[in-house]
Structures are given as structure tokens and as C-alpha cells.
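# Overview (structure and organization)
Chain residues, written in single-letter form:
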Amino acid sequence: MSLTTTTAHSLKQDISSLRDSFNSLNKDVSKLLGEMNQSLQDAKRTISEICKDQTSASEQQDDRVRIIGTFRSCFLTKNGTPRQPSICPYARGSLKISCFNNPQHSLQNLHQFSHVWLLFLFHENGKFKFKAKVSPPRLNGEKAGIFATRSPHRPNNIGMSLVKLDSIEGGTLHVSGIDLIDGTPVIDIKPYIAEYDRPKVDSHCPPWISNPPSKPLTVYFSTNAEQQMSTLSYSDANCSRKRKSSMRFMQNEHELRGSIADIISADPRSVYRKKTGDLVFSFPIDAVDVKVEIKAEAVTVLDICQTEFVHNILKRNCKHDTKL
């Protein structure tokens, strides 16, 4: 009888212990389920916020500027690039449309126009801050309001050039009479329509535009420069550019000579360089470096040759095009 009582008492203790363990486990499970539920709610809240951000970004996408293509130009740097597209008629470049799966569709019927407007970004402005007044080259140091000039340093670094449309190949435009440097991001193309773009009333501009204070410079080519131009291999009308040494855009010696003369006669030096007496300087065009010397109102072209500087720029751009 005593053994039975002891056994029953032991069983009661075991049951009580099991009950305590069960209650403890039940509390742990409830706590874990609560934590899991909280984590689930947090995850749902995070996903909801991400979806809202994506929706907001999608809605804002239409307000953003899209790059439609990168311009390839005979002008490799800002130095020596004409300030206006009409200065150098033989200056050529190309634009490959990259914002569509079928870029050729976006250019349908564009060949029926002789000229187009290119809207682009001044991507090499650097950290230069725009100001309300600037000193355009034609004013020789005097200032004018930013919106009375075509300075690239503007509140929005957008440029616009009227260029001649030479041809279209697939999704690529070939144009001339340009003033864009190589690598310029283009944001839009619009056809030039004289009926709408040319004023139907008399237009006028200030004297410092119609009668600039500085006269065009007279350009001479040295015997060395003449010989160097005659030995270059040029691109033909069919854009045959098989050799590394060939010019990329200039089709003959006459075009190269004319382009160099057009650029130099307009004196591409900045006002600062003019004041500091920068008489000898060089600039790249197409696939060569041009070295000139300025004395008074005359310029002599001293050297026209391919340099390591130009080679490295072309090599870098070639790598960039390969990635696109």
C-alpha cells in the first residue's frame, strides 16, 4: 500500500512537471509566432514601400531627359571646335540612335529633309558654375546677359545646332556643318522646316554680332603642312575606313584644308588666351593634330600630323562604342 502511494505521488509530480514544460513551450511558441507575424508585417510594409517607390519612379520617368545617342564628331576636344555650326561646312559627324530596339523606324521619312536640329548636352562643362552675365568672345571681354549669348555654361546645359543631313544608314545619321565635340550626348532630333523656323518678319541682331570687333584672320599653310596633307589617306564618300591611318570623316585634302582654314580664321582662342598672347597652339581635327602660329592678323599652319594624343582619344572612343 505504501509503494502504491509513493508511485502515485511520483506520477503526480511527473505530470505537474510535464504540465509546466508544456505551458512553457506553449508560451515560447506563442512568442515565436508573434515575432514571425511582426516580421511578416514588416516585410509587407517594406515591399509596399518599394512598390510605391518604383511606381513613383515610373511616373517620373517621362519627366527625365533621355539620351537618344552619342555623337561621333571630327572634333575630338573643345579646343578648336567651332563656336557655331555654320562656320565649318565640311565638318562631319554621325549619330547612332540607341534608345529604340528598331532605331531605323524612328528615322523613317527624315531623309526628306535637308537639315535637322540637334538638341544635346554640354557634357564637358565640368564644375563651371553658370552666371547671370558672361563674356562672349565677340565682345572682347565685355559682359552680356547669359540669355543674350550662346554660352555653353547655362542654367540647363542644353545646346542646339542646325546641321545638314547628308545621309541615313539604318539607325545612323550622317551630318555636316557641325559644332559638336566627339562623345556629345544627343537628346533630340527635329527636322528644320523653313516655313516655321525662319521668321516671316524682318529680324535683327546687335552690332557685335553683325559687325564683330575682330576681323577674320588670314590663313597660310607652310610647305611642311602642305606635304603632310598630301600624304594622308582620306575617307571616301562610301565611308571606307579600313586603315588606322585614314581620316575618319574628311573625304579629301580640299575638305581638310578648308576645315582648318574655317576654324582658324574665326580665331578659336578664348579671350583669356588672346590677352595672354597665346601665339602658338594646336588642336585636333578628325584624326590629326594641327599646330598653328598666330602673328597679328595672320595665321600659319605649321604642322598637320597624327600624334599619340589623338591616337589615345580615338582608341578610348572606340572602346566606348564597343560597350554600347
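Residues numbered from 1 in each chain as written. Predicted model: local features only at pLDDT ≥ 70, side-chain atom pairs only at ≥ 80, totals over all residues. Heavy atoms only, no water.

### Thoughts on the overall build of the protein
When you go through the protein residue by residue, the secondary structure sums to eight helices and twelve strands. The buried share of the protein, reckoned over its 324 residues, is 32%. Surface exposure of the protein reaches about 21,000 Å², of which carbon and sulfur atoms provide 54%. (Helix = DSSP H or I, 4+ residues; strand = E, 2+ residues; numbered from the N terminus. Buried < 20%, exposed > 50% of the residue type's maximum accessible area, 1.4 Å probe, protein only. Areas by Shrake-Rupley, 256 points an atom, 1.4 Å probe, with all protein chains shown as cover.)

### Structural notes on the packing of aromatic side chains
Applying the stated criterion to the full structure yields three aromatic pairs. Where Phe281 meets Phe283, the ring centres are 6.3 Å apart and the plane angle is 35°; that geometry is what we call tilted. Neither Phe281 nor Phe283 differs from the other in exposure class; each is buried. Over the ring of Phe221 we find Arg257; its NZ or CZ atom is 4.6 Å from the centre of that ring. (Phe/Tyr/Trp six-rings, centres within 6.5 Å; stacked < 30°, edge-to-face > 60°. Lys NZ or Arg CZ within 6 Å of the ring centre and 35° of its normal.)

### Some thoughts on the pairing of strand β6 (residues 158-169)
Summarising the sheet, strand β3 (residues 115-121) and β6 pair through seven bridges and their orientation is antiparallel. Counted as the bridge partner of His115 is Lys164 from β6. Of the pairings in the sheet, the one linking β6 to strand β7 (residues 172-176) comprises five bridges and is antiparallel in character. Directly across from Leu165, in β7, lies its bridge partner Val175. Between β6 and β7, which pair antiparallel and follow one another directly, the connecting turn spans two residues, one of which, Gly170, has a positive phi of 60°. (Pairing = 2+ DSSP bridges.)

### Description of the side chain of Ser161
Examined against the element boundaries, Ser161 turns out to sit in strand β6. Accessibility expressed as a relative area gives 1% for Ser161, which makes it buried. Of note is the side chain of Ser161, whose polar atom sits 2.5 Å from the side chain of Asp179. (Polar contact = N/O pair within 3.5 Å; in protein donor to acceptor, adjacent residues only side chain to side chain.)

### So, the sheet that holds strand β10 (residues 280-285)
Pairing is mixed across the open sheet formed by four strands, whose spatial order is β9-β12-β11-β10. Lying at the two open borders of the sheet, with one neighbouring strand each, are β9 (218-221) and β10. For this sheet, the mean angle separating the axes of adjacent strands, direction not counted, is 30°. Sheet analysis places strand β11 (residues 288-295) next to strand β12 (residues 298-305), joined by seven bridges and oriented antiparallel. Following the sheet pairing, Ile294 is matched in β12 by Val299. The sheet strands contacting helix α5 (residues 223-231) are β9 and β12, and the helix crosses β12 at an angle near 40°. Docked against the sheet, helix α6 (residues 253-265) engages β9, β10, β11 and β12, running at close to 140° with respect to β9. (Axes fitted to C-alpha atoms, helices over the stretch in contact; angles between N-to-C directions. Contact = heavy atoms within 4.5 Å.)

### Some thoughts on the nonpolar core
Grouped together as the largest cluster of nonpolar side chains are 45 residues, with contacts concentrated most on Ile189, Leu256, Ile285, Val290, Val301 and Ile304. Once you skip the residues sitting within four places of it in the chain, Ile189 turns out to touch Ile68, Leu95, Ile97, Leu110, Val116, Trp117, Leu118 and Leu173. (Core = buried A, V, L, I, M, F, W, Y, C linked by side-chain atoms within 4.5 Å.)

### What about the sheet that holds strand β8 (residues 185-191)?
Strand order in this closed barrel of six strands is β1-β2-β7-β6-β3-β8, and the pairing throughout is antiparallel. Direction aside, the axes of adjacent strands within the sheet are offset by 45° on average.

### Considerations on the confidence of the model for the protein
Summary statistics for the protein give a mean pLDDT of 84 and a share of 88% for residues scoring 70 or more. Counting interchain partners and residues more than four positions distant, the pLDDT-below-50 stretch residues 238-245 has eleven contacts. (pLDDT = per-residue confidence, 0-100.)

### Thoughts on the packing of α5 against α6
Closest axis-to-axis distance for the α5/α6 pair is 9 Å, and the angle between their directions is 135°. On the basis of the axis angle, α5 is oblique to α6. By crossing handedness, the relation of α5 to α6 is classed as right-handed. Here Glu226, Met229 and Ser230 of α5 come into contact with α6, specifically with Glu253, Leu256 and Arg257. Broken down by class, the residue content of the contact of α5 with α6 amounts to two nonpolar, one polar and three charged. (Parallel < 35°, antiparallel > 145°, perpendicular 65-115°, else oblique. Left-handed = near helix turned anticlockwise from the far one by under 90°. Nonpolar A, V, L, I, M, F, W, Y, C, P; charged D, E, K, R; others polar.)

### Remarks on α5
Taken together, the buried positions of α5 are occupied by Ala225, Gln228 and Met229. Burial along α5 is one-sided: seen end-on, the buried residues are contained in an arc of 100°. More than 90 degrees from the buried face of α5, the exposed residues found are Thr223, Gln227 and Thr231. Against the buried residues of α5 lie β9, α6 and β12. (Arc of directions from axis to C-beta.)

### Topic: α6
Because each turn of an α-helix spans 3.6 residues, side chains separated by three or four positions end up pointing in the same direction. Its 13 residues give α6 an end-to-end C-alpha distance of 18 Å, which sits within 8% of 18 Å, the value for a rise of 1.5 Å per residue. Listed as buried for α6 are Glu255, Leu256, Gly258, Ser259, Ile260, Ile263, Ile264 and Ser265. Tucked inside the fold, the buried residues of α6 contact β2 (92-96), β9, α5, β10, β11 and β12. Downstream of α6 by a residue or two, Asp267 has a phi angle that is positive, lying close to 50°. (Expected span 1.5 Å × (residues − 1).)

### As for unusual backbone geometry
The backbone of Asn109 shows a phi angle near 80°, a positive value even though the residue is not glycine. Considering the arrangement of structural elements, one finds Asn109 in the loop between α2 (103-106) and β3. Residue classification places Asn109 among the partly exposed positions, given a relative accessible area of 39%. At Asp267, a position not held by glycine, the phi torsion is positive, near 50°. Tracing the backbone through its elements, the reader meets Asp267 in the loop between α6 and α7 (271-275). With relative accessibility at 9%, the residue Asp267 sits in the buried group.

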